[in-house]
Amino acid sequence: MTSDTTLFEQYARLFGPGHLAQLQSLGHDIIEARREGAWVFDSEGRQYLDCLGGEGSYNLGRHQPQVAGELCRQLEETDQGNFPMISVEKARLAQRLAAFAGNGLECSIFGVMRGETLDCACKVARGVTGRSRLLAFEGGWYGETGFAMSLSRRRDANLYGTMIPDTGTIPVNDIEAARAAIDNTCAAVIVELMQAEHHCRAADPAYLKELADLCREAGALLIVDETQTGFGRCGRKLAFETAGIAPDMLLLGEALGGGMFPIAVTMLTQRVNAFLNEHPMIHLSTFGGSDLGCTVAIKALELYEELKPWEQAAHSGTMLKEELEQLVSRTPLLSVSGEGLLLSLEFADEDRAREVCRAARQHGILATVGRVRRNCVVLRPSLLITAGDVEFLLTGLSSALQDIA
Amino acid sequence: MEHAPTAPAPMSPEEKRRLEATFMRHINRGQVKYLKAGHLDVIETDRRGTGFTDAASGRAMYDCFSSAGSFNVGRHNEYITNALANAARRMDMGSPQLISPVKIAFAQKLVDLAPGDMNRILFASGGGDAVECAIKLALGATGKQRIISTVKAYHGHTGFALSANGKEHYRGYCEPLMPGFDFVPFGDLEAMQQAAADDTAAIIIEPVQGEAGIFTGSPEYLKGLRELCDQRGMLLIFDEIQTGFGRTGRMFACEHSGVVPDIMTLAKSIGGGLYPNAAVLYRDIPLLTDFVDAHADFHTSFGGSDPGCATSLAVLEYITEHRLWENAETKGAQLKTALEELMARNPRIIKEVRGIGLMVGIEYIHEFMGPMMADALAKHGIFAAYSGNAPQVMRFMIPITVNEEELKDIIGRIEAAVQDMKTLLPLALLAARVPFLLRLLNSEKVQTFLFGLFRSVEDFISRIFGTGRKTS
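Worth saying up front: this structure is predicted, and the values here are computed from it rather than measured. (Residues numbered from 1 in each chain as written. Chains lettered and ligands numbered in written order. Predicted model: local features only at pLDDT ≥ 70, side-chain atom pairs only at ≥ 80, totals over all residues.)

## Overview of the overall build of chain B
Next up, step 1: Within chain B, the regular secondary structure consists of 17 helices and 17 strands.
Next up, step 2: Relative to the compact-globule value of 23 Å for 472 residues, chain B shows a C-alpha radius of gyration of 23 Å, a close match.
Next up, step 3: Each principal axis of the C-alpha distribution contributes one length, and for chain B these read about 70 × 55 × 45 Å.
Next up, step 4: By the burial criterion, 59% of the 472 residues in chain B qualify as buried.
Next up, step 5: At a minimum sequence separation of 6, the contacts of chain B that also span at least 24 residues come to 76%. (Helix = DSSP H or I, 4+ residues; strand = E, 2+ residues; numbered from the N terminus. Rg over C-alpha atoms; globule rule 2.2 N^0.38 Å. Buried ≥ 20, exposed ≤ 12 C-beta atoms within 10 Å, placed from the backbone. Contact = placed C-beta atoms within 7 Å.)

This is the structure we're talking about:
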C-alpha cells in the first residue's frame, strides 16, 4: 500500500492536489494495473467492473488481445510514418471505413481524438459553404478543442476569453427553433443522436428527419457526431442508421482504435471532400493517420464486423435498463436514461452523483459523473459484457444505492 | 544508412497505381497530385534509423523531414519499439481519469528534465491539443482576454491553436477564429512591446519558428520577451513541439537562452515516432497552480495513455543516455557549414542558410525552386519537404541519431541535387525575369500542375523505355 500512497503523493505534486482531490471525490483513487474484458484490476489485485469505458474507447473491452497482438505485430513492420505521405496503411483503413460507414461517406480525415474530428468538420463546413455560422445541439459536450468547446455547454466556458465567433446552439427536439435558426447563413448543424454527458438525452427520429430536411433546404451541412454513440455503443452499429438521415460528415471517435491506439476520424461525402481536393493539406495532423494506428484500427474494424458487439449491447442494455428502472423510487435514483450500453442514472445533485460513484467503487464498479448534467452517473461498460457481468453490475449498483440511501 | 541495402520486394507500378487510386478516392486527390508534383509520392517501407526505402522504386532514402521533427530518436528505434511492445502486451490505453505507475514515471522524468521551476505537468493528445491546453491555461489563470502570437507562427490546426497560427494559408477558409490574438513579426522585440496591453494574458512563440521557414529567436530576443512578460504580468508560452527533445542541440531550445517560459508545449518526438503523446509543462507559481487546482478538469485528454507514456519514457531515457542533443549540435554545425559552402558556390539558387542544431533550412531565391529542389533531392535519395506555408524554404530535420558517415553521404547528395537543378534552372530563371511568369511560377497551384505534368511525361517515358527511376 505504501507504494500506492507514494504514487498518489507524486501525482498530487506533478499534476496538482486538485487532480488528486478529483480522483478521491469519484472513488477513482486506485492504481490501474491489469485490464481484461470488462474488468480493471488495481495494484492489490482487487477487481472493478469498468463503466468508465475510457470515455468511449473500450467498446470491445479492456486490452482486447487481438488488437493488442496486432499492435505488437505491426510494430515490427511500420511506424507512425511521415504524416503527409501516401501510405498503404492509411489507404486501407480509409477504404474499410467507407464500407463500414456506408451512406456515401467515402472519405476520411484522420485525427487523434474526438475534439479534433469536430474542429476539422467545422473548418471543412466553413470552407465548403463559404458561410461561417455553426450550430450544434444545446447541452452537448463535444471535446476540449476550440470549436468543440465553443459549441459545448461548460460551466467554465466564460473563463477563456471570447470563444470562436459565429457558433451557437439549437435546443434538441424543437423543430420550430431549428426552423428559425437554420437559414442560408448557416454552414453546418452538428448533432449527437444521444448526448452521453446530458443524461443520455436522445434526439427524436422524426425531429431528426425534419432537421435533416431543413439543412438540405438551407444548404447547410449535417454533421453527425458519433464519437460517443458509434461502434455499437447504443445497440446499433451506428446510432444514425435507423434515423433515416444522410449525414454530410460523420465523426467517429476513439473506439476506432480498439482501446489500444488513439485514433479518430472525420468522414465526408465525396461532394464535401471536393473542397479539400481543391485545397489539400490545409488541415494537418502529425499523429492523426499514424500508419501504426491505422493498422490497429483495421484490426479493430475487423473485430467490430465479425463480433457485431452491437447485438449483444442491445440485449444487455435493455436488460440492464429494465432492472435499473426497478431501483427508481426505492433508492436515491431518480431516473434511468439511455440506450444500448450508454446509460445514465439521475440523482438529486452533483454531490449525490459523486457519492454514488464512491459507493459503487466499494462494490467493485468504476463510473463517473456526466460532464454537462453533473448530477448523473454515466455507465459505459464493454459491449461484450457477459450476463454474469450484468448481474454483478446490478447487484453492485443496487448495494451502492442502498448504502447511501 | 543503417538499413539493409537490399530493398524488399518493390511495389509494382500497377500496385502503386491502385494504392494511389484508393488514396485519392478515400482520402484526398489533391494531396496525391501535390506530392507527385514534388516527387514526394514515395511509399515508406523498411523504416529504419535515418531513413526508409521507397517501396515503389526500391530506392533507399534519408528522411530529412522526420514528420516535421517527430523522429528525433530515429525511425523504428529498437529501444523505443521494445518499450512500446512490452507495454502493449500488458496494457491498453488505460482510463484517462485513472493513474498508473508508468504515467507517473514518465511525468516525473519529464519534469526532472524540464528547466527551472517547471515542476507541473498536464498531458495532451497531440501538439495542437497541447497548444489548446496552454492557451486555456493562460487565459483562465490570468482572466485576461488577449494573446500575442507571431506572424507566420505555426501552432496547430484545432480551433484555439489555429487561432494562434500566423499564416493565412491555414486560417483562411476557417474564419472567424478566436478573437483576441495579435500578431507581430518574429524577432522584433519592439513590436512585441507595443502589442502588449493590459488585457494581454500571454505571448505564445516558437523559440525557433519551424514551419515558417526556420527562424531562430536570438537569446537577446527571447530574454527580452521574458523581461517584457515579467514587467507586464503576462505569461510566456514556448511552443517546443518541433524544437524539443534535442533537436536544436539542447534538450529544449529554451536552454540556449536560459529563458524559462511559464508554459511549454511538447509533442512530436515525445512519441518516439510510434505512439501519440503530448504534454504541457508549467511553472510552479501560484498564478498557474491555483487555477489548475481549482479547475482540475479544465482540459481532459486522451494523451498520457499507458502505452504512450511507456513510449515517451523510453524516448527520454534513450535521449539522455546517448546525450543525443550533443550529436544534434555537432552534426548540425557540420551540416550548416556544408550548406553555407554550397550557398557560396550557388548564389543564384540559395539565398540563405538558417538554423540551429539539426533544425536547418535553406531558403531559395525564388519560391518555385522549393518543389523543383524537392524533386531533385528525391531523385538523389533525400526526402525533404517544402511546406505550403513557406515553399521557398527546404527544411532539413534528420533524425538526430545521424552518424558521421550518414551525414557526409547526405551532404554529398544535397550537393548533387543542386547540381542537377542547375541544368534545369536557366529556363526557369529566364521566365522568372518576367514578373507575370514569376508570379505564375511561384503559385502553388501552377507548380502542382506544371511539375505534375513534367512528372506524367517522365513516368510515361520511363514506362515506354522501361528505364525505371532507380538512381543513386
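## Quick look at the sheet that holds strand β2 (residues 51-54) of chain B
Residues and elements named next belong to chain B.
Next up, step 1: Taken together, four strands build an open sheet; the order of strands is β1-β2-β3-β15 and the sheet is mixed. Looking at the sheet topology across the chains shown, the edges are occupied by β1 (44-48) and β15 (382-383).
Next up, step 2: Note: β2 against strand β3 (residues 60-63), three bridges, orientation antiparallel. What sits directly across from Gly-51, in β3, is Tyr-62. (Pairing = 2+ DSSP bridges.)

## Looking at the packing of helix α5 (residues 101-113) of chain B against helix α12 (residues 306-321) of chain B
Residues and elements named next belong to chain B.
Next up, step 1: Packing of α5 against α12 leaves a shortest axis separation of 8 Å and a crossing angle of 35 degrees. For the pair α5 and α12, the crossing hand works out as left-handed. Only Asp-306, Cys-309, Ala-310, Ser-312, Leu-313 and Leu-316 of α12 make contact with α5, whose side of the interface consists of Val-102, Lys-103, Ala-105, Phe-106, Lys-109, Leu-110 and Leu-113. (Axes fitted to C-alpha atoms, helices over the stretch in contact; angles between N-to-C directions. Left-handed = near helix turned anticlockwise from the far one by under 90°.)

## Comments concerning the environment of Lys-16 of chain B
All names here are of chain B.
Next up, step 1: Relative to the helices and strands, Lys-16 is located in helix α1 (residues 13-26).
Next up, step 2: On the neighbour-count criterion, Lys-16 (19 C-beta atoms within 10 Å) is partly exposed.
Next up, step 3: Put simply, Lys-16 and Val-42 are 26 residues apart on the chain and 9.7 Å apart in space, counted from C-alpha to C-alpha.
Next up, step 4: Excluding residues within four positions of it along the chain, Lys-16 makes contact with Met-11, Ile-43 and Ala-56.

## Description of unusual backbone geometry
Residue and element names in this part refer to chain B.
Next up, step 1: Cis geometry is adopted by the peptide bond preceding Pro-176, which originates at Glu-175 and carries an omega value of 0 degrees.
Next up, step 2: Along the chain, Pro-176 falls in the loop between α8 (168-171) and β6 (181-184).
Next up, step 3: Backbone geometry at His-76 places phi at a positive 50 degrees, although glycine is not the residue there.

## Concerning helix α10 (residues 219-232) of chain B
Residues and elements named next belong to chain B.
Next up, step 1: With 14 residues, α10 should reach 20 Å at 1.5 Å per residue; the first-to-last C-alpha distance of 20 Å fits that figure.
Next up, step 2: Turning to α10, its buried residues are Leu-222, Leu-225 and Cys-229. All buried residues of α10 fall inside an arc of 50 degrees around its axis, so they share one side. Exposed residues pointing more than 90 degrees away from the buried face of α10 are listed as Glu-220, Asp-230 and Gln-231.
Next up, step 3: At its buried positions, α10 is contacted by α9 (189-195), β7 (200-205) and β10 (235-239).
Next up, step 4: Phi for Gly-233, located one or two positions after α10, is positive at around 65 degrees. (Expected span 1.5 Å × (residues − 1). Arc of directions from axis to C-beta.)

## A closer look at the sheet that holds strand β15 (residues 365-366) of chain A
All names here are of chain A.
Next up, step 1: The strand order across the open sheet built from four strands is β1-β2-β3-β15, with neighbouring strands paired in mixed fashion. Unpaired on one side and paired on the other, β1 (32-36) and β15 mark the two borders of the sheet.
Next up, step 2: In this sheet, strand β3 (residues 47-50) lies alongside strand β2 (residues 39-42) in antiparallel orientation, the contact comprising three bridges. Counterpart to Trp-39 in the pairing with β3 is Leu-49.
Next up, step 3: Packed on one face of the sheet, helix α13 (residues 387-404) meets β3 and β15 and runs near 100 degrees to β3.

## Concerning the pairing of strand β13 (residues 335-339) of chain A
All names here are of chain A.
Next up, step 1: Burial analysis of β13 places four of its five residues in the buried class, the great majority of the element.
Next up, step 2: Relative to strand β14 (residues 342-346), β13 runs antiparallel, the two sharing five bridges. Among the inter-strand pairings, Glu-339 is bridged to a residue of β14, identified as Leu-342.
Next up, step 3: Connecting the antiparallel pair β13 and β14 is a turn made up of two residues, with Gly-340 showing a positive phi of about 60 degrees.

## Brief notes about the interface of chain A and chain B
A common way to state how big an interface is: give the accessible area lost once the parts meet.
Next up, step 1: Of the residues lining the interface, 86 residues belong to chain A; the matching set on chain B comes to 92 residues.
Next up, step 2: Taken together, the residues that form the side of chain A that touches chain B break down as 38 nonpolar, 32 polar and 16 charged. (Nonpolar A, V, L, I, M, F, W, Y, C, P; charged D, E, K, R; others polar.)

## Looking at the domain arrangement of chain B
All names here are of chain B.
Next up, step 1: Under the domain assignment, chain B is made up of domain 1 (13-69 + 324-465) and domain 2 (78-321).
Next up, step 2: Here domain 1 and domain 2 have C-alpha centroids that lie 29 Å from each other.
Next up, step 3: Residue assignment for the side of domain 1 that touches domain 2 shows that the elements contributing at least two residues are α3 (66-69), α13 (324-345), β13 (350-356), β14 (359-364) and β17 (390-396).
Next up, step 4: Top contributing element to the side of domain 1 that touches domain 2 by residue count: α13, with five residues.
Next up, step 5: Looking at side-chain class alone, the side of domain 1 that touches domain 2 contains eleven nonpolar, eight polar and four charged residues. (Domains from an automatic or database assignment.)

## Regarding the confidence of the model for chain B
Residue and element names in this part refer to chain B.
Next up, step 1: For chain B, the mean per-residue pLDDT works out to 91, and 92% of the residues sit at or above 70.
Next up, step 2: This model gives residues 1-7 a pLDDT under 50, and the stretch forms 18 contacts once residues within four places in sequence are excluded.
Next up, step 3: Between residues 467-472, whose pLDDT stays under 50, and residues either more than four places distant or in other chains, the model counts eleven contacts.
Next up, step 4: In the predicted complex, the global pTM is 0.95; the interface-specific ipTM is 0.97. (pLDDT = per-residue confidence, 0-100.)

## Quick notes on the nonpolar core
Next up, step 1: Core analysis: the largest hydrophobic core is formed by 293 residues, its most contacted members being Val-189 of chain A together with Ala-138, Ala-279 and Val-280 of chain B.
Next up, step 2: Here this core takes nine residues from helix α6 (residues 127-142) of chain B, the largest share from any one element.
Next up, step 3: Apart from the residues within four sequence positions on either side, Ala-279 of chain B is in contact with Leu-110, Ile-121, Leu-122, Phe-123, Ala-124, Ala-130, Leu-266 and Ile-270 of chain B. (Core = buried A, V, L, I, M, F, W, Y, C linked by C-beta atoms within 7 Å.)

## Some points on the environment of Ile-30 of chain A
Next up, step 1: Summarising the element assignment, Ile-30 of chain A is placed in the loop between α2 (17-25) and β1.
Next up, step 2: For the pair formed by Ile-30 of chain A and Glu-44 of chain A, sequence separation is 14 residues and the distance between their alpha carbons is 9.4 Å.

## Notes on the domain arrangement of chain A
Residue and element names in this part refer to chain A.
Next up, step 1: Domain parsing of chain A yields domain 1 (2-63 + 308-404) and domain 2 (66-307).
Next up, step 2: Taking only C-alpha atoms into account, the centre of domain 1 sits 26 Å from that of domain 2.
Next up, step 3: Between domain 1 and domain 2, the residue contacts involve 31 residues of the former and 32 residues of the latter.
Next up, step 4: Mapped onto the side of domain 1 that touches domain 2, the elements with two or more residues apiece are α11 (309-325), β13, β14 and β17 (376-379).
Next up, step 5: For the side of domain 1 that touches domain 2, the element with the most residues is α11, which contributes five residues.

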